[in-house]
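# Examining the three-dimensional arrangement
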Amino acid sequence: MTTRNKPRIAILNPNSTERMTLEMVDTARAAVGALAEVVGMTNHQGPASIQGPADAERCLDGLFALFDEACADGVDAIVIGCFDDTGLGTLRARGRVPVIGLGEAGCIAGSLGGAQFAVVTSLEVSVPVIADNIRAMRLEDRCAGVHASGVPVLEINAGPDSLRRVQASIDETAMTYPGSSIVLGCGGMSTIAHKIKAPERSIIVDPVVASAHMCLAAMS
């Protein structure tokens, strides 16, 4: 850890949408308060959003460059700001600082919040990637399912209709799996998390909040 008074967490956004970076940083700062400094870095070489394996592949070179830049700047922990956990295994294997993925943090938190957890994400193209990651984490026995809201990543914060559609998908998932915790399966959902109503017997897990707290745990 560096000699600063408090550790620094860097959120690396694999996509090129600066707005999403700022939203995740605001959420993480509110979550950790005075315990850590949170900074954001945007991959301007990446696609505007990451929806499926093709977008993930396009973002990797820029994401890896951001990682090197963050480490050179002396950060103490890194969050990969995409629920697909893009590049997570490769970056963690470099072993410089703790590296936390949004999907990983959200699903671990969700698995602790109820007997089961379910993920509500953006589009169907993201479902197989998230499901594969859950199997790699060996959490499949505690996962009730991964479901798409049908709202594209860049439209999640577009207004009341998008919020309504995300809420409807969460409500339907909670009815199918009563008592399960519901994990928001997209970093872009963090900005609307406070507007989402948790269905009865369920809790809502914001992966940005979970990843920020997991960074603190990993540095302790």
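Structure first, text after, so check above.
Residues numbered from 1 in each chain as written. Predicted model: local features only at pLDDT ≥ 70, side-chain atom pairs only at ≥ 80, totals over all residues. Heavy atoms only, no water.

## Some points on the overall build of the protein chain
The helix and strand inventory of the protein chain stands at seven helices and eight strands. Computed over its C-alpha atoms, the radius of gyration of the protein chain comes to 16 Å, within 12% of the 17 Å expected for a compact globule of 220 residues. Projected onto its principal axes, the C-alpha coordinates of the protein chain cover approximately 50 × 35 × 30 Å. Within the protein chain, the proportion of its 220 residues that are buried is 56%. (Helix = DSSP H or I, 4+ residues; strand = E, 2+ residues; numbered from the N terminus. Rg over C-alpha atoms; globule rule 2.2 N^0.38 Å. Buried < 20%, exposed > 50% of the residue type's maximum accessible area, 1.4 Å probe, protein only.)

## Looking at the sheet that holds strand 5 (residues 117-121)
If you walk across this open sheet you meet the four strands as 6-5-7-8, and the pairing is parallel. Sheet topology places strand 6 (143-148) and strand 8 (204-205) at the edges, where each strand pairs with a single neighbour. Relative to strand 6, strand 5 runs parallel, the two being bridged by five bridges. Bridge pairing in strand 6 links A118 to G145. (Pairing = 2+ DSSP bridges.)

## A closer look at helix 7 (residues 207-219)
Along its 13 residues, helix 7 runs 18 Å from first to last C-alpha, staying within 8% of the 18 Å computed at 1.5 Å per residue. Of all the positions in helix 7, only P207, V208, A210, S211, A212, C215, L216 and M219 are classed as buried. One side-chain oxygen at the N-terminal end of helix 7 lies 3.0 Å from the backbone nitrogen of V208; it belongs to D206. (Expected span 1.5 Å × (residues − 1). Polar contact = N/O pair within 3.5 Å; in protein donor to acceptor, adjacent residues only side chain to side chain.)

## Brief notes about the side chain of D84
One can find D84 in the loop between strand 3 (77-80) and helix 3 (88-93). Setting aside chain neighbours within four positions, we find D84 in contact with I50, G52, S126, V129, I130 and N133. (Contact = heavy atoms within 4.5 Å.)

Everything listed here is a matter of coordinates, which is why it stays silent on function.
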